[in-house]
Every structure is written in structure tokens, then in C-alpha cells.
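Read off the chains here:
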Amino acid sequence: LLYTIKFELKMKRSGGRKRNVQEEDVFNKSKERLQKKEKTMPGTCPMGGSSTSAGYSKPEFTMQEGLLYPKPKLGWVFLLRDREDGTANLIQRTAACSAIRKLVRDTWKGIDSSKINVVAAFQPKAWEYLMKDCQDWSDTAGTLEKRKEGRNLVAGSDKFLNTDDTACVIIRSEAIHWTGVSERIHCLMNELSDIAKTNDLQLCVTECAEKDVFSGVFIDGLANKSDANSVQKTVSCAPGVNGWPGASYMLLQKFKFDWGILGDMSVAEICKMVGRQNNNVIIAEDNPRAHNRCVHMADPNPHSLSNLRLHRLTMPYSVTPPLNVKSKTGGKNKETGVVYMAMTKSTNYIMKLLENMVGDQPGITKDSLIAKTTSLNGAFFYVPARQEFYDEHIEQPFKGEDLLLAYFRVKPVCNQYLFYNHKEYMNRMNNFNYSDPDYMAPTTRVLRLIRSMFENWEDTWFHPRSAEPLPHLEQLAPPTIMAESLRVRQAEAIYLTLSEVYTMPVSDKTTKFELWESYGVIQDLFRINPSDILAGKMPVYGLGVGQLAMSYLKSDPSGKELSVEEVFAYSKKLSAASGYGHVVPDYQKIVAMGLPAFLDYLDSYIGGVTDKEFYKCCKRVYEGIQQYLINYSNLALFLANSGYAACADDVDFELLHSHDKANLLAMADRLKWLATGQSDQTYTVTAGKPRNLLEAVQLLFTIHACLHMNCEPVSVGRLDVILEDYIDLEDTGYPSNQDIIDAFWIKLGEKVQLSRSTRLDLYAVGDIAVPYDSDGRFPRGDSCNQWVQQVSVGGYDSQGKEPSAKRLEIAKLCLHAARRLPLNAPCLSLRVHKGIAETLLWHASKAILSGGAHPVILHDDRIVPALVARGFKEEDALNFCSDGCYEPLVPGKTEFSFCYVSLLQVLEMTINKGATMMEAGPAGMRGFAVSLNLGESLDELQDVMNQFGKHLRLQMHDILSSLLSRYGNIASVYASPILSPLIEGCMERGKDIYDGGAVIKMIACMTVGFANTVDSLYAIQELCYGHKSMTTLEFLVSALKSDWGYGLQEPIQDPVDGGKAQYVNSQEMKTLRDYALKIPKMGMKDAECKWVDEVLPHQREGLLSIKEIATWLAKTCVDAFNDVIENDKFPLCQQIKDLQAQHNGEFRFVLGSGTFEGYVGWGQGAAASADGRRKGQPLGSDMSPSPIPQDLPDTPARKGNIYDIMEYWDIPELKTGFPNGCEIDLNIGEDTDEAALTEFLKNYAESQENLGGNIVTLSCGDQETYRAAMQNPEKHDLVRVRTGGWTEFFISFYSAHQLQHMRRMWADIEPRKE
């Protein structure tokens, strides 16, 4: 609400333009809504959010304040223990607890909590006995978890002790020399000593000094939460189950280090033992005995709550006099040991960790750090909530204490939208340091979902995500199923996958253990968080991971041989997981109809045709989706009831608030309605049809998730168009419109894998058969977190009209989500055009500055004409949206595939007699002859350009012909009864999308390495043909084959010539490279001007500028593409005609430019190039400027004014001749001015002169940030960049990608020069 008003105020102050009629209407309505909401500000709504749903509500903090101290300077631990000569009884223990309760309460009143704090914890049995008669205590707290009998907490190990101490008082101070500390400590010690004596106990005191573990090497608490709200939510007891709201359980252990062993260990050995380097950077090595891995467990839970998360406090202590230990780690005075304290919501959680640390091998402690310690004493304590210390009710306002450790306190100095790590993000958001209306934080409810998501990400540092193989169809279906056709078997496999594997039927008879052990829960596919707004889970599958499917192929009866179907599928390079999606379904259709009506729609085809199998298969699959929704509805109902009734004594099912249950019950009813049209309430709308925005998004997400779970990684499409009929501009419902969109964003982007060492690799032959087969040679290391999640907003509608007020509102909600939620997916695409609403550009600027290159900017006024020119109907072209990366296609109508042609390799063929040069050497001779040896001389650059065009045509012909020769191959093994009903043409014809059913069959040819090729052609001109020429083309080719002298070998250099000759030749080649590197590159206007100015004008006559070469290359690509698909002399032309005749002329061939994520992989296949790039080094992404070669320093960076850079791409063919997109990826600095960025976006949208291309992305970040992220990933786990096809977390990249991004071109965005 405030965004629009804030913008208008800014525009007014700056003398900006007036609002148009449409914007005036939106503004007035927003103002009215704000005024109405302000009247209800004092009230609250469910889930702890304020009535404005703006995220400013401050939850009550009920824990003891002292738990929030992140890093005290001093500490004292007072334990009240049994005397050595006796054991106190329960009455004495209770009396001691009562006295300490009063002492602590009085102490809190008299201390400055910013200087000193006190935390008290008690034997659970004694505290419960003390409090049981207090009014309402038993009903509110439930039954406390008692200590177990026995001295050892873990059977068979003495590493963790239960010495059954009565009470523990912990005092910590932030000030070392504060005058009041010593007096206060002395006073408390005397009073505690008196309490101990009175109750036949002894007082044991441990003083802890200021240092980190191992003489200050390792920082403690790095895994702790960074904000009070998350701490409380994570470790608080379940009210009414095992403790008071805000109470928790604490494990205390006093450890003594075995310096006899530790002193002999090197720094590297200690770091490996701990699992962190001595600068605290996490060690990615998979060492199961490392301490940080042993204490980190992921425990599947259908509730999807904070599981096995602790709040740790560790304070080293030393004996007097200090230990004098000689150690390989340096220093003599070592701490004696540590007092370790860990808070949790249940002792069961810590016990699982302790058992994991001890391990299952008798006599061997798994945790290599704990193995070198001795526990002196310890026990579980109950840590009461603050209220439990008072007899009357006390006000407990939210405590915004800053729990962020200095280690994670890294953030941009001049960019308030950008976050480097999730600890700092949660700290800033939860402490309301993001409170300006322009930068509104997510609501408390959404932040709970984000916290759970971040915990899920943290798990991937230590454990790979779970993705176990699915059972075979034979194991779940009746034996008769295998006698059915391949299509029927596949449909049944999908039905069972959705209804019995990824989810399961749930009833009131279902047990907790049945849920815990189910495939869906273990694989994180069947879980609900009580705060969830949407139900369901995305799979971890993706282009860089691979995907799994239930096999429906017949196996060999003996089980010892390959079956006929298995061999056939392999011969076709296909499998049950061959679906590749990469299109946009007609989500608008099914959302508008509702699932029950959609099933009737499928049923209507069955009765009207003779061949019913295709339609029956489609209906069976959508019945599986229906059952999937029913299962989730029943899970929500089960969890709601379990939280208060059937399992009320089970902390795993705890529901902290009544609104949790209300939310689950409402979700159950909503899902039942969407599945069956049945509801606990009466409605007049069509049964099962979405009634509001929440239900529309829920149904959309359900279908989307089910497609991805069944091997169809598809995009979302035009979200503002899909949801236009469901959004309420008054936004009077709950949850708010923004919360719903935020939840959708989180659902799509939560399955991130950050660690490169634990990422999944599920690929097998047949997976994701984009080119109509898959031999498993996909470069998947490039695309770990690529799930093909594109959301498009903005742009003209299919009638050429600008967005309605509702579509504008949805677009803004999406831009807000992209800015405030630090995700890599979904990738948001914003369609721009002349006259676009400036508010969208303003919000887009903010989103771009938040990092992650959201949104991608696509130009309607360039892409639409380009599509129409290639035969698309105008209404279809106007309705385009981004595919999984950015390729424009028509949603709900398109089948899509593509192939590539490497322009650099074409240049190699041109100057190397038809051969590529990567393989040049003793085996390949001049290289692999993959094109014709045209036998023409190359006396000038024009000769090179002429031959290039010929080779380009031959390569385009080959790659397109090869692709089309496999058209229809997938249908022999794999069909898509889940995707086909959402693609126009399939139902009408009774044909699967992989069997030619779609009305549009789009085939793209993507050029690779455009800028590198332009730079290389310009370098060839300057080196060999220009006034400054210093070599021959023949020698240059030899240098390129020899990797600029770094790989000089036969036959270019004969060993008989000796080492001196080889040295001289290699140095000459390296010198030539040094000169080539000085030649300006595409986008470097200032450098080119300086280069040209160094000679007289007449000396440049006949030479081409970089832009003139780029213009020629763009036109050559377009002409060559048109030639090979239209000129009868190319056999491809007849091949296309045959396919067109077979499929009613529905093929559309489009040209594009895209490496997507493959700029590293494509570079590995290219020899050294004349622009100075070494052999195998990365290329520029998509249509972007070329990066600095990776063997050179990344500074000084390539940088220029964005208007000067974009002028190089101001070429007609690059605007409207590449309908499949030519994306220009640029980096911008973190200090980029917001107003200047908005002005640039406006100028680009208005198609101002010299701003070329048809797609632009801007990644906001600095080289220093990327360099720091490479050195310390945890501190920079939210840094994101645009790969070339989607957004990726920088730290999850392999090094070659990281280095390429640091060497990309940086664009300075300043007001345009006149």
C-alpha cells in the first residue's frame, strides 16, 4: 500500500510526471485501503501479524533475557550439587529452587541487562514440584521431561554425564572492567552459597574467561540463530506438552580437554577435527567424524518444524595456575576445557545428537573432538520462561537484542536492498531494521517460512538432499498392470507416484511412525509447516541434478538379464525420466475451470472417440493429482488434531498457538474444495473452482509441483494474466495478497543446494531429453539450482492492450517478492514497452539492486515483431512469456526444442581450412575437419567474412538436420499424460505433446560466443590486415593452435629443433597474445576510441569498427539461418517441408543467442581465440561482452557507461532478428544509483536510440564481494548472480563460473550523456 504512495510523494518532490488516469485510480484506491487499515492498527490477526499484514507486529518474547547474549566477555557458572557425603531429597531441592527463583527475580530488577545478565535453570522434577500448585501452571506447561536414571546420558559411553545437579545459575557480562560486575558476582555467590548450605547442597563455581575455543581460534555459536524471534521459535517448549511458553531444556556439560593428545596435533589436524579452518571458514570435505558434522542432523518430520536445532553457549575456562602446554598450534597457556550449554525444545532432540556424536562402535567415539575430552559433570536442566519467576502477570515486550555475531556482520555499505548472508538477513528483518515503507520487511508469518527454508539450506552443508529411487510399478500395482500398453503403465505409475509414494493416504488411524517412515516425508515432499500458506513441496530435481521417475518398463522375468524394453529404451537414449518440460502449460485454463471441472473436461473426450487410451491415461494422471490434494488435506487435518488431541503429549506435533490449528483446518478445507468441490461451508460457485487469490495460487502451485515431480520441469508463465480474475485490489482478506505471492516464491525456491560437495547427481542415460534423446553427457555441473522456474509479468495482452490495474498490482507484488526474498528462483521476467507504468520500473530498480538479476527485462516492442516475422500469429506473439531461461514462447500452445552453433568454432573452421583447432596436435594434425576446405585465399578480412558465412550455413544445417531427424523419438518410450492436457492441440487431436500434439512446434537455433567472435574478427583485422598489423594470419593460426605458445607441440614445433627454438617460438606467440589483449573489445567504447585515435584517419581507411563487425555478424547469422531453412539447395529445407506436411505446417523455426549456463562448457570446446582468450577458457554468456581471460588478473575490471556499452548492440537484427532472444548480461556495482537505474530502464523501455538488444539482465554486486564469497562461502550465502539463463547462488558455483563472473563487464549507470 505504502509503495505507491511513497513513489507518488517522491515524484511530487522531484517535479516528476503526473499520474495517468489508470495510475490515479490505483493510487486513490491504495490510499483508501491504507486509511481503512490504519483504523484497525491496534488489533491483531492470526499468526502474529498486525492487522495491516505489514510485518511490523512485534511478538512477545517470553524466554529469559540472558539467553540472548551472543558473545559475552566474562562468565560464571554456579552449580548447586549434592554433597559428596550425601544426596538432597526432593523437598530440599525444591526449596533451593524456590530460593533461587526469588533471588534471580530480584537480581533482574537491579541490574543493567546490557552489562550483565543472569540465567537460571533447574532440575525438571524439582521445578515441576515447586510450580505444580501455582495457578494454571500445570495446564499451561503440561508435564516436564524428567532426567533419566543412570550416570551416563548415552548408554555405553562416559562422554556425557548425568550428575543430577539441582540448579544452575549462569552469569555473563559484556564488560570486562565494568565497576559493578565484581561486586554483583560476589554478592550472588554468597547468596547462592547460603542457599546451598541451607538445603544440604554444595556450590561449585566455574569462572570463564574471554577467549574462543582452542585459545581463541574457533568462534562458538556460528550455527545459532541471529534474532530473538527465531531463537524462541526454535528452542521453546511445546506449551501444554512439555513446558511453559518460552521455556526450554538445557544440556550442560563441563568438559576437560586432553591436551596430551591435542597438543601433538597440527593446526590442519585440529581444523579437520573441528570441521572449520582456523579462520572459521567451513571445511567442505566429507569427514563423518568432524565435530560440526556430528552435531548437525537432519530429521524428517511431517510437520516441517525446526528440528534438531539448538541454541549453543560455550565458555572456555582455565584452572589456576593456567595450563602450560607446548602445542603445535602455538602458545603455551591453554584453556582447561569448556562449559558447554545447549538449549532445545525437547531433551529428545539433544539425545539424538549425543547418540550421533558417540556413534555405534563400542569403545570408539565418533566425534573426533569429543573423543579428546572428558566430561566432569553435567545434566539436563529445565530453563523456565521469564514469566515463571513471577507470581503475577508481567509485560514482556519483544526483545530486539542484536544476536548477530560479528563474524556474520557483513553487508553493503551503500545498498540497503542487498544481503550477503542469511544470518544478517534474519537479524535485520526480525529486528525491524528494514522498516521504511519503501523497504517493507516480510510479515512475521512469512519470516517463519523463510527461517525454516534457511535451516533446510544449512542442512546441505553437511548432508545431501534425499532423493531415493522410486519403487518399480510392479511393486505397487496389481500384477495385471504389466500386461497393459506402455502408455497405460506410465499413466498408472504417475498416479501411484502422486497418490501413494510422494504422498500417502492419511486418516485418524494413521500413526506418527507411519508418517515418519513414508517416502514422501523422508524425501521432503509430504510435509506441512503450521505457518504454511500453501500446501505442497517442489522436488529437488532440476537440469543440474537430474530427475527420478517410477519405472514402468517390463523387466526380465529372471531378474538376471536386461529386458527387451530396457534395451530398446537405452538404444533410443530414453527412460522413464525423459520428459524435459521446458515449455509453459496453459495454467490459466485449469485454474479457471478448477480440478473437478477439468476432470469432467477430460472425461468428455473419452465418450466421443474410438481410441480412448490417450484420454484415459490423461484422466488417470489427473485423478492422481486429485488424490494428491486429498492426501495433503488429510495430512493438514491430522496435524491439526494431533497437536491438541491424539498426540498432545508429543512435542513433535506441537502447535504453539491456536491459530496454527486454525490455519491447518482452513488449509484442509481449502484443499478438499479444490480436489473435490466439497467444503464445510456452502458456496454458489462451480464446485472446486478457486474462489479467491489464495485458492487460485494453491491450485496453480499444486499442478506445477506435480508436473515437476513427474519429469516435466516447466515454467509458470504469465502470472499476472493467470491470477488477474482472482486478486482483490482492496486486499481485505487474510493472508494478504503479498503474503500469498511471497509464499509462492518460497515454495518455488526453497530446494536450494548450497554446498558443492554434497550436491546430488541423479543423471542417467535418458534423463531430460531436450534434443529428443539424452546420452547423459549434459554438463550438469553448470546448473545445480536450475529448476526452470520462470515467472513473467507485465507486457501487452493478446489484444495488444497494456496491463489492467489488477495485472499491475500482481506485477508489483511479484517485484516486491523478488526484492525482499533472497532467492534464486523463481526468475522474474518483466516485459517492458513504450508507455510502461513508471511505478513498475521503480520497483524493478529496487529488485535489481537487491541482487540476483531479478527481473529480467524483455522488450515487447522488439520481441513481438520478431516472432510475427517468423510466422507466429500476432495474438500469440503478444502473449509470449519466458521459458525456463528467457526464450520467448507462447504459453499453453508450444512444444519446444533447440540446438546450438558455436560461432567461435565456425571462425576456427574459416581460418583453419574447415577444421576446428581444439584437437590440433599429433593426433588431430591441423584439427578435426568438420566442414569443407573451401580452398579460398584469405588475403583480407572480407575474405574471412565471406568464408565464415559459408561455414556458418553448413554448421547450422548440420545441427538443425540432426535435431529434426530425432523428432518423435521420445514418444517411442515416454509420453506426458500430465503435460499434454495443458497444451493446446493435444486433446483436440488425441496426441501426446511428444508425439506432435502441440499446435506450435518451436525449434530454435542458438548462436554461442557472439561477442568473442566479434572481438576475434576485430583482432584478426588489427593483427593481420590493419595499419598496426604485426603478423600473418598463418602464424596467428599456429599461435592459436598452440594456445598462444603455452601448448606448443607437434606438428607446429618439431622436437628435433631443440628447446631454444621452442622457447623462441613460444615467446613470440606469447608476445603476440599480449598485443591481442590490448586490442579493444566489444562494449569498450572509450578503449576503442583511444585505439583508433592513435593513428591518422587515412590509416584506418578500409578497416571496420567493432560495431560494424558486430552488425555484419548479426546480419550474417540471420541470413544464414533463413537460408538453410528456406533455400531448396539445403536438404534441411526438404526435411522441414516433410515435417510441416506431416504436422499441418505448425513448425516455427527461430534464431536466438544463448549459452545459458554453458559459457564454461562451450569455452572448453573452443581453442584459443584471436581476442587473447586461452584454450578452453570460458566465453561471454549469451549475447554479452566477453570476459577477461581467466589466467589474467580480474582487475582492472572491464567497465564502461551502460549507454556506451549498449550502443554496440544497437543493431536491427539484434532487436528483431533473434526472436528466441539475445540476452545481454551485465554486472552493476552495489552503489548503483536507484534513480539513474530507473531512468535507464525507462529509456530502454521507450526504445531510445543506441540501446540495443531485446533482453537485458543486470547482476548487482562488486568484485570484492565475489572474491570474499569465494574465500568464505557462509558469510556470503545469499550473493546471487545471473548465469546466462537463470539466477544462481554465487557460492554454489564451481570455481570456473565464479572466476568468469568476476571478469564480466561492469556497467556504470549514470545519467545519459547529451
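To start, this report covers the structure provided alongside it. (Residues numbered from 1 in each chain as written. Predicted model: local features only at pLDDT ≥ 70, side-chain atom pairs only at ≥ 80, totals over all residues. Heavy atoms only, no water.)

**Quick look at the environment of Asn 279**
Thinking step 1. On the secondary structure map, Asn 279 appears in the loop between helix 10 (267–274) and helix 11 (291–294).
Thinking step 2. Along the sequence, Asn 279 and Phe 218 sit 61 residues apart, while their C-alpha atoms lie 7.4 Å from each other.
Thinking step 3. A distance of 3.3 Å separates the side chain of Asn 279 from the backbone nitrogen of Val 281, its partner in a polar contact. (Helix = DSSP H or I, 4+ residues; strand = E, 2+ residues; numbered from the N terminus. Polar contact = N/O pair within 3.5 Å; in protein donor to acceptor, adjacent residues only side chain to side chain.)

**Thoughts on the sheet that holds strand 18 (residues 1000–1008)**
Thinking step 1. Spatially, 3 strands are ordered 17-18-19 in an open sheet, and the strand pairing comes out parallel. Sheet topology places strand 17 (894–902) and strand 19 (1147–1153) at the edges, where each strand pairs with a single neighbour. Going across the sheet, the axis of each strand differs from the next one's by a mean of 20°, ignoring polarity.
Thinking step 2. The strands touched by helix 32 (residues 941–965) within the sheet are strand 17, strand 18 and strand 19, with strand 17 carrying the most contacts at an inclination of about 145°.
Thinking step 3. The strands touched by helix 38 (residues 1106–1126) are strand 18 and strand 19; relative to strand 19, the strand with the most contacts, the crossing angle is about 155°. (Pairing = 2+ DSSP bridges. Axes fitted to C-alpha atoms, helices over the stretch in contact; angles between N-to-C directions. Contact = heavy atoms within 4.5 Å.)

**Here's the deal with helix 44 (residues 1263–1271)**
Thinking step 1. Among the residues of helix 44, Gln 1263, Thr 1265, Tyr 1266 and Ala 1269 are the ones counted as buried. Relative to the axis of helix 44, the buried residues are bounded by an arc of 160° and lie together on one face. Those residues of helix 44 that are exposed and angled more than 90 degrees off the buried face are Glu 1264 and Gln 1271.
Thinking step 2. Looking at the buried residues of helix 44, the elements they touch are strand 21 (1223–1228), strand 22 (1255–1260), strand 23 (1280–1282), helix 45 (1295–1302) and strand 25 (1306–1308). (Buried < 20%, exposed > 50% of the residue type's maximum accessible area, 1.4 Å probe, protein only. Arc of directions from axis to C-beta.)

**Points about the pairing of strand 2 (residues 116–122)**
Thinking step 1. The buried count for strand 2 comes to 7 of 7 residues, which makes it a mostly enclosed element.
Thinking step 2. A two-sided burial pattern is seen for strand 2, the buried positions comprising Ile 116, Val 118, Ala 120 and Phe 122 on one face and Asn 117, Val 119 and Ala 121 on the other.
Thinking step 3. Looking at chain direction, strand 2 and strand 3 (residues 167–173) are connected through 7 bridges and run antiparallel. Bridge pairing links Phe 122 to Ala 167 in strand 3.

**A word on the packing of helix 8 (residues 228–235) against helix 14 (residues 444–459)**
Thinking step 1. Helix 14 packs onto helix 8 with a crossing angle of 70° between their chain directions and a minimal axis gap of 11 Å. Taken as axis vectors, helix 8 and helix 14 run roughly perpendicular relative to one another. For the crossing formed where helix 8 meets helix 14, the hand is right-handed. Across the interface between the two elements, Asn 229, Ser 230, Lys 233 and Thr 234 of helix 8 pack against Thr 444, Arg 448, Arg 451 and Glu 455 of helix 14.
Thinking step 2. Grouping the constituent residues of the contact of helix 8 with helix 14 by class yields no nonpolar, 4 polar and 4 charged. (Parallel < 35°, antiparallel > 145°, perpendicular 65-115°, else oblique. Left-handed = near helix turned anticlockwise from the far one by under 90°. Nonpolar A, V, L, I, M, F, W, Y, C, P; charged D, E, K, R; others polar.)

**Considering empty space enclosed by the protein**
Thinking step 1. Within this structure, the stated rule accounts for 15 cavities of 30 Å³ or more.
Thinking step 2. What lines the largest cavity is a set of 49 residues, among which Ala 223, His 291, Asn 292, Val 295 and Arg 312 lie closest to the centre.
Thinking step 3. For the lining of the largest cavity, the secondary-structure elements that each account for two or more residues are helix 7 (213–216), strand 5 (248–257), helix 11, strand 6 (311–317), strand 9 (337–344), helix 12 (347–358), helix 13 (422–430) and helix 14.
Thinking step 4. For the lining of the largest cavity, the leading source of residues is helix 12, giving 4 residues.
Thinking step 5. Here the residues of the lining of the largest cavity sort into 30 nonpolar, 10 polar and 9 charged.
Thinking step 6. By volume, the second largest cavity amounts to about 100 Å³.
Thinking step 7. Along the walls of the second largest cavity sit 15 residues, with Ile 494, Ala 549, Met 550, Ala 576 and Asn 710 positioned nearest its centre.
Thinking step 8. The leading source of residues in the lining of the second largest cavity is helix 16 (residues 486–501), at 4 residues.
Thinking step 9. Taken together, the residues of the lining of the second largest cavity sort by class into 12 nonpolar, 3 polar and no charged. (1 Å grid on protein atoms, 1.4 Å probe; cavity = no way out; pocket = protein on both sides within 12 Å on 5 of 7 lines; lining within 4 Å. Points joined across faces, edges and corners; volume = space filled by probe spheres on them.)

**Comments concerning helix 29 (residues 860–869)**
Thinking step 1. If you check which residues of helix 29 are buried, you get Asp 860, Arg 862, Ile 863, Val 864, Ala 866 and Leu 867.
Thinking step 2. Downstream of helix 29 by a residue or two, Gly 871 has a phi angle that is positive, lying close to 100°.

**Regarding the environment of Ala 998**
Thinking step 1. Tracing the backbone through its elements, the reader meets Ala 998 in the loop between helix 33 (986–989) and strand 18.
Thinking step 2. For Ala 998, a relative accessible area of 0% puts it in the buried group.
Thinking step 3. Considering only alpha carbons, one finds Ala 998 and Phe 1147, 149 residues apart in sequence, at a separation of 9.8 Å.
Thinking step 4. Once residues lying within four places of it in the same chain are set aside, the contact partners of Ala 998 are Lys 893, Thr 894, Glu 895, Ile 983, Glu 984, Cys 986, Arg 989, Ile 993 and Glu 1146.

**Some details on the pattern of salt bridges**
Thinking step 1. By the definition in use, this model includes 56 salt bridges.
Thinking step 2. Between Asp 82 and Arg 93 there is a salt bridge, with its nearest N and O atoms 3.0 Å apart. Of this pair, Asp 82 sits in strand 1 (residues 74–82) while Arg 93 sits in helix 3 (residues 90–109), placing them 11 residues apart in sequence.
Thinking step 3. For Asp 82, a relative accessible area of 18% gives the class buried. (Salt bridge = Lys/Arg side-chain N within 4 Å of Asp/Glu carboxyl O.)

**Points about the packing of aromatic side chains**
Thinking step 1. Applying the stated rule across the entire model yields 39 aromatic pairs.
Thinking step 2. Aromatic side chains Phe 122 and Phe 389 sit 6.3 Å apart centroid to centroid with 50° between the ring planes, which places their arrangement in the tilted category. On the criterion of sequence distance, the pair formed by Phe 122 in strand 2 and Phe 389 in the loop between strand 10 (373–383) and helix 13 is long-range, its members being 267 residues apart. The pair formed by Phe 122 and Phe 389 is uniform in burial state, with each residue classed as buried.
Thinking step 3. The ring centre of Tyr 129 lies 4.9 Å from the NZ or CZ of Lys 132, which sits over that ring.
Thinking step 4. Arg 831 extends its terminal NZ or CZ atom over the ring of Phe 880, reaching a point 4.0 Å from the ring centre. (Phe/Tyr/Trp six-rings, centres within 6.5 Å; stacked < 30°, edge-to-face > 60°. Lys NZ or Arg CZ within 6 Å of the ring centre and 35° of its normal.)

**Details of the layout of surface pockets**
Thinking step 1. There is about 920 Å³ of room inside the largest pocket.
Thinking step 2. If you trace the largest pocket, you find 32 residues lining it, with Pro 771, Phe 778, Pro 779, Tyr 900 and Trp 1162 closest to the centre.
Thinking step 3. For the lining of the largest pocket, the secondary structure elements donating two or more residues are strand 17, helix 32 and helix 40 (1159–1164).
Thinking step 4. Among the residues forming the lining of the largest pocket, the class breakdown is 15 nonpolar, 9 polar and 8 charged.

Taken by themselves, the reported measurements are silent on function.
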